[in-house]
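Geometric and topological summary
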Amino acid sequence: PGLWVKNQEKIGQESMVMRFVAFACFMQAVSGQLAWEYVVQTSPWPPARQAACSAGIGDYFLIHGGCDLLCTQAFNDTWAYSLSLGIWEQITPTGPVPPPRWGAASAAVGDSGLVMFGGQHGDTFYADLWLLNFTNSSWSLLPQHGSKPQARAWASLRNIGSTITPTFILFGGQFSVKNSGVQFLSDASLYVMSQSVWNPCIPKPPIPDGVSNAQVGTTSSEILTVFGGCQKAPCVDDSDETWQLDVTQSVWTQQAAGPSARHSGASASVGSNMLTLFGGVTSSVFLSDLWLLSGNATSGWRQMNLHPSPPARGLSAHALSEDDRLIVFSGVGGPSVFQAELLTDMWLLTFPRLSVSDAPETLAPGVSSGPMGLNLGAPVPPGGSLTVDIVCFGPIRTTAVVTPTTITFSPGQSAASFSLLPPQNRVGVLTLRFFLKGPSADSFVAPADIVITVQGPAYVANAPPSVQVLTVSQPMSFNLADQVPAGGDLTVVISRTGDASAKPTPSLLVFAPPQASQTFTIDAGTVVGNLTLSFGYTGSSANLFTPPPNLRLDVTAPVDLTGPFTVADNKATDFSVSLGSPVPPGSALTVHVGATTHGRVDPSTLVFSSQSGQSQTFGVVPQGGVDRMMLSANLSGDCAHLFITPTSVNVMVQPNSIHQVSTKLMMAFGSYLLLVMAMAYCFIKRKDADALAPRSLLVAYIFWLLFGILGGHRFYLHKFQSGALYFLTLGVLGLGWLYDFFTLPQTVRAINQDRMGRLLEAPSLSTGIVHRSSGGDTRISHSVELGHAPDSIPIRTGFGIQDA
């Protein structure tokens, strides 16, 4: 401790004492304890300097500019130290280089570069803003819009944004105007790099006094912590106050007392909730003490006594590496400020940092993360204890469950586990933050916040398997697992691929809070083929939803069988097969056409390609005297699924020859004749018993109606000759049949009268037999024989008696 190397130019011939110090520091570092590590010098090595810009960029530690002990010479060179290789390398930038200066404020831009503002060279104060792009070793002057800060030196600059959207906060500093003395500043300004705009931060009272050379860091992404600083030129009056600025609320808050007053110490933010402070300068001496401020600890500042420790110094180049090591290079030191000398040594302070293992980046709603490991990196020392509170932040934190929420580590313990269960049916970003408590809290660094995105799946409902060309599909709904959160936005981009000319309408679905569902359709176009819809997201809420799987549809076309509905028997008739869309290039479609029995199709197989057109013909020949036939078709080929099988077609068949007509007529006439003859025979046979019986007009009309065209009513009336004539001439070509309709009552009446007359003439009169009575009367008896026995018959008698 307190080791001092005055002649840094002779460090190549280091003493055995320095080798022992380096070995002791190495043993503490590898043991996982909070420890300093001395870096052995190698060649090349940057010249000693003070008030240089510095930043940790990935594996590298960058320094730029600065000045010599008395600031008679200003630098504008740039050096990079590789932590993994352990070597320095001077960078030769391309293009313009900032003018030499010292006291400029600087901060890292992710892993890509360094931003530098202001500074001083002699009596000149700068207000320019430069960016060092470490990937191509080039400097560029950044534009500054809005409320640009005034020129200054010895200010503080920190990045409170993210790697993607860097936002820098500038605080304090000093400038001097000739004959006006030095002025110390207490203003704060925000620079949004993506917009190149400065915005002043105007906090509410109280506010700290103007200071320069303050020790500054961030104990969270919204809190800027400022300690100490120079309040009076030439830095003979230093501050010992700790202030914290809530950037989101623009409110300063003074914290409890901590280290002694100082300026120009080495400070850096460790993790998300710790500020470290090493050394500094007072009005008379250089300091080498180490302090830690936990942003969440109630104890405030805590001094750490580590052995060995770097020599006392101030105005060093310092930064925090990506693996949580505080790097301190060069600066000014000595027994007192009146015996100051430049230092060229470099030291690393290693912080045991908690780490979280097996933490997922995303989770589905209601699905547990499973065990996540919380590892200390080093066991809790004997006699100590460490309690870690795990707090969940985010818009859906109220229903998220962390198990357990508090983990207590006992001495010797170095690992534990916990899990996270996100809420059901909710999406959002959950941030797990770790708060360290207990006697050993300041010996460890809390892990970085764990950000877990709860992503909900989206799905498409009512999606048809296919859409027919020249049509628009039914509305399909795109559904999110949860509403778009307040303040967010989401645009779903529907992209199409495939052979079909179909397209989604609309192709952009814009969701605004609190929407969770929208509809779209498919305009099928005119070309068949396969259609695949994929879904992409843009917008601030895009990371909260997982897109549904690609939606595959077939754009299909109908196949029609067209032709006459009536065809001639035994004669070829042309039909056609028409496609609703051309066959896709490189594909083939085969249509197999068939007919029911007693029919022939030629050709029965039609092959379509992209060059064959959309229509082909085939012939149909009915056979066997059928009166109808049915045509059907089947599809085959590599694109058959893109075409709709046509429905079967019924075709009427008409006879087309005299023979066929006569045959059918004769068959019908024969059947009809047999029926008439059978009925007439049965009826007439029944009536033969009384040939002279009267005929019924009603029965005669029935025979006229049913069989009159063949003379049936005349046969009934026993007009056999005219009945035969009607039979052979179809009722004298129908004229006689119609004539009989009007004359039938008269004819029946005449026939009945004629039969009555013949009935009276028909009886035979037998020879009379004379009978004489005893009284002298004489009686003659005659007998009359009738051909039948009617119910009643009138008889007129008249006799003349002549005596013989």
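So, how was this worked out
- Residues numbered from 1 in each chain as written.
- Predicted model: local features only at pLDDT ≥ 70, side-chain atom pairs only at ≥ 80, totals over all residues.
- Heavy atoms only, no water.
- Helix = DSSP H or I, 4+ residues; strand = E, 2+ residues; numbered from the N terminus.
- Buried < 20%, exposed > 50% of the residue type's maximum accessible area, 1.4 Å probe, protein only.
- Contact = heavy atoms within 4.5 Å.
- Areas by Shrake-Rupley, 256 points an atom, 1.4 Å probe, with all protein chains shown as cover.
- Pairing = 2+ DSSP bridges.
- Axes fitted to C-alpha atoms, helices over the stretch in contact; angles between N-to-C directions.
- pLDDT = per-residue confidence, 0-100.
- Patch = residues over 30% accessible without salt bridge, like charges linked within 9 Å, V, L, I, M, F, W, Y side chains within 5 Å.
- Salt bridge = Lys/Arg side-chain N within 4 Å of Asp/Glu carboxyl O.
- Disulfide = S-S within 2.5 Å.
- Core = buried A, V, L, I, M, F, W, Y, C linked by side-chain atoms within 4.5 Å.
- Phe/Tyr/Trp six-rings, centres within 6.5 Å; stacked < 30°, edge-to-face > 60°.
- Bend = angle between axes of the 7 residues up to and from the residue.

Now for the overall build of the chain. When you go through the chain residue by residue, the secondary structure sums to six helices and 62 strands. A burial count over the chain gives 47% of its 804 residues as buried. Contacts spanning at least 24 positions in sequence make up 58% of the contacts within the chain whose residues lie at least 6 apart. When the accessible surface of the chain is summed, it comes to about 38,600 Å², and 56% of that surface belongs to carbon and sulfur atoms.

Here four strands make up an open sheet; going across it, the order is β30-β32-β36-β34 and the pairing antiparallel. Whereas interior strands pair on both sides, the edge strands pair on one side only; in this sheet they are β30 (355-357) and β34 (401-403). Between one strand axis and the next, the sheet turns by 25 degrees as a mean value, whatever way the strands run. One ladder, built from three bridges, connects β30 with strand β32 (residues 372-375); its direction is antiparallel. Note on β32: the bridge partner recorded for valine 356 is leucine 374.

It is worth spelling out the confidence of the model for the chain at this point. Per-residue pLDDT for the chain averages 84, and the proportion of residues at 70 or more is 84%. Below pLDDT 50 for its whole length, residues 1-32 participates in 47 contacts with residues either more than four positions away or in separate chains.

So, on to a nonpolar patch on the surface. Together, Leu698, Ile702, Leu705 and Leu706 make up an exposed nonpolar region whose accessible area comes to about 410 Å². Among the structural elements, isoleucine 702 can be located in helix α3 (residues 697-707).

Applying the stated criterion across every chain yields a total of two disulfides. For cysteine 67, the disulfide goes to cysteine 71, at an S-S distance of 2.3 Å. Owing to a relative accessible area of 22%, cysteine 71 belongs among the partly exposed residues under this scheme. There is a disulfide in this structure between cysteine 230 and cysteine 235, and the S-S distance comes to 2.3 Å. One disulfide, between cysteine 230 and cysteine 235, carries an S-S torsion of -120 degrees and so falls in the left-handed class. The pair formed by cysteine 230 and cysteine 235 is uniform in burial state, with each residue classed as buried. Taken in sequence order, the bonded cysteines of the chain link in the pattern 1-2, 3-4.

This part takes up the nonpolar core. In terms of nonpolar packing, the biggest core is built from 56 residues, with Phe478, Leu589, Phe618 and Phe643 touching the most fellow members. Broken down by element, this core gets its largest block of residues, six residues, from strand β49 (residues 551-562). Counting 28 residues, the second-largest nonpolar core is a separate cluster that includes Leu354, Val380, Ala400 and Phe418.

Glancing now at the packing of aromatic side chains. One pass over the structure, following the stated rule, counts 27 aromatic pairs. Here phenylalanine 520 and phenylalanine 535 contribute two aromatic rings whose centre-to-centre distance is 6.4 Å and whose plane-to-plane angle is 65 degrees, an arrangement assigned as edge-to-face. In this pair, phenylalanine 520 sits in strand β46 (residues 517-523) while phenylalanine 535 sits in strand β47 (residues 529-538), placing the two residues 15 residues apart along the sequence. Phenylalanine 535 shares its class with phenylalanine 520; the two are buried. Arranged with centres 4.5 Å apart and planes meeting at 10 degrees, the rings of tryptophan 704 and tryptophan 737 form a pair that is stacked. Of this pair, tryptophan 704 sits in helix α3 while tryptophan 737 sits in helix α6 (residues 735-761), and the two are 33 residues apart along the sequence.

What follows concerns helix α5 (residues 720-733). Within α5, the axis deviates most sharply at phenylalanine 727, by approximately 85 degrees. Looking at α5, one finds that the buried residues are Gly723, Tyr726 and Gly731. Looking at the residues trailing α5, positive phi occurs at glycine 734, about 90 degrees.

Here the focus is the environment of histidine 641. Considering the arrangement of structural elements, one finds histidine 641 in the loop between β56 (628-636) and β57 (643-644). When the C-alpha positions of histidine 641 and asparagine 530 are compared, they lie 9.9 Å apart, and in sequence the two are 111 residues distant. Every residue in contact with histidine 641, bar those within four places of it in the chain, is listed here: Asn530, Asp554 and Thr556.

Below, the discussion takes up the pairing of strand β5 (residues 87-91). Pairing of strand β4 (residues 74-82) with β5 involves five bridges; the strand directions are antiparallel. Paired with serine 82 across the bridge in β5 is isoleucine 87.

This structure, assessed with the given rule, holds nine salt bridges. For arginine 152, the salt bridge identified is with aspartate 187, shortest N-O distance 2.9 Å. One end of the pair, arginine 152, is in the loop between β10 (145-146) and β11 (156-159); the other, aspartate 187, is in the loop between β14 (181-184) and β15 (188-192), with 35 residues separating them in the sequence. Since its relative accessible area comes to 1%, arginine 152 is described here as buried. A relative accessible area of 31% means that aspartate 187 is categorised as partly exposed. Salt-bridge contacts for aspartate 740 lead to arginine 714; the nearest nitrogen and oxygen are separated by 2.9 Å. Of this pair, aspartate 740 sits in helix α6 while arginine 714 sits in helix α4 (residues 712-716), placing them 26 residues apart in sequence.

The linkage connecting proline 205 with the following residue, proline 206, adopts the cis geometry, with an omega of 0 degrees. Summarising the element assignment, proline 206 is placed in the loop between β16 (197-201) and β17 (215-218). Following proline 513, the chain continues into proline 514 via a peptide bond in cis, with omega recorded as 0 degrees. Relative to the elements of secondary structure, proline 514 occurs in the loop between β45 (508-511) and β46.

Strand order in the open sheet made by the four strands is β23-β24-β25-β26, with antiparallel pairing throughout. A strand with exactly one partner marks an edge of an open sheet, and here the two such strands are β23 (266-270) and β26 (301-304). Here the average twist between neighbouring strands, direction ignored, is 25 degrees.

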